[in-house]
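Below, each chain spelled out in residue letters.
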Amino acid sequence: MTTTRRARRTARSAALVAVAAAAAFSLTACQGGTGKDGAAGPEQKASATRAAAGTPHATAAGGSTPAASGKSAADVRTRTLAPSRTTAPATTAKAAAPARTQTLADGSKAEIYRLGAEHYRARIVSRGEVLATMETAGTDAGLDANDMFVVLTLGGEVHSWLGGGHTGPGTFRLAGGWTAKVTKTGELRYRAQIIGNDGSVDGTLEANQQDAGLDANGVYIVLSAGGVISAHE
């Protein structure tokens, strides 16, 4: 009986010694290993490398670390964060030149531009300053410029004259034998019916917050948004 108990204690002691030895071996391997799976494993080595280089843990996709490129961390960050810039090519396009320039009744100039078929624009210029712009849009255009009246026709012709205005509402005899019946239709809105010798209405001018003009068979008529009408032949 005694011999059996001693044998069992001896066996248990041997087993404990074996377990202790195995644990010691594992601890030694973890602390002293020098392979790529050793105690200074990939994560610790990478952390040490990052700490030495001063780089952040994350690297942008497609980028490179300072150690690989031979540049300092500050250089890499500066290059990564610098905004991209696109420089538009320089343009030297010149403004379209007028088709012609014409002197008006008060000495100013009309610069006339052809924009298309029966589509013209006239800029009224004095001493290098643009005072007004007229443009045909399916009809003739007119302008009352401080008692100088201007008509720009669908054919690009410009006619100007001074004075001769009548202030509506009312009925007025105009140059060329025409009669104009001017009525007010709203704020800065007037209508002029152009009446021939036989009493028929041969044309109508509508000034809706903008002056209007008409070429009435060689007689040029302007109706302003203020109700002033004038004609010249």
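In this text, all values refer to a predicted model and were calculated from it rather than measured experimentally.

Criteria and thresholds
Residues numbered from 1 in each chain as written. Predicted model: local features only at pLDDT ≥ 70, side-chain atom pairs only at ≥ 80, totals over all residues. Heavy atoms only, no water. Helix = DSSP H or I, 4+ residues; strand = E, 2+ residues; numbered from the N terminus. Buried < 20%, exposed > 50% of the residue type's maximum accessible area, 1.4 Å probe, protein only. Core = buried A, V, L, I, M, F, W, Y, C linked by side-chain atoms within 4.5 Å. Contact = heavy atoms within 4.5 Å. pLDDT = per-residue confidence, 0-100. Salt bridge = Lys/Arg side-chain N within 4 Å of Asp/Glu carboxyl O.

**Details of unusual backbone geometry**
For the bond running from G168 to P169, omega is 5°, close enough to zero to count as cis. Within the element layout of this structure, P169 appears in the loop between β8 (166-167) and β9 (170-173). With phi around 60°, Q209 is a residue other than glycine that occupies positive phi space. Tracing the backbone through its elements, the reader meets Q209 in the loop between β12 (201-208) and β13 (212-216). According to the relative accessible area criterion, Q209 is exposed, its value standing at 53%.

**Quick look at the nonpolar core**
Ranked by internal contacts, the top residues of the largest apolar core, which has 18 residues, are I221, L223 and I229. Listing elements by their share of this core, those giving two or more residues are β10 (179-186), β11 (189-195), β12, β13, β14 (219-223) and β15 (228-232). When neighbours within four sequence positions are excluded, I229 is seen to be in contact with G164, G165, H166, F172, L174, A180, V182, A192, I221, V222 and L223. Listed in part, the 13 residues of the second largest apolar core include A122, M134, A141 and L143.

**Let's talk about the confidence of the model for the chain**
With 59% of its residues at a pLDDT of at least 70, the chain reaches an overall mean of 74. Low confidence marks residues 1-94, where pLDDT is under 50. Its contacts with residues over four positions away, or in another chain, come to 29 contacts.

**Structural notes on the pattern of salt bridges**
Counted by the stated rule, this structure contains three salt bridges. Between E135 and R121 there is a salt bridge whose closest N-O contact spans 3.0 Å. A residue pair is termed long-range when its members are at least 10 positions apart, and E135 in strand β4 (residues 129-135) and R121 in strand β3 (residues 119-126) qualify at 14 residues. The exposure class of E135 is partly exposed, given its relative accessible area of 34%. Its relative accessible area of 30% is what places R121 among the partly exposed residues. Where E206 meets R191, a salt bridge forms, and the shortest distance between an N and an O atom there is 2.4 Å. Pair noted here: E206 is in strand β12 and R191 is in strand β11, with a separation of 15 residues, a long-range link. Relative accessible area serves as the criterion here: at 34%, E206 is assigned to the partly exposed category.

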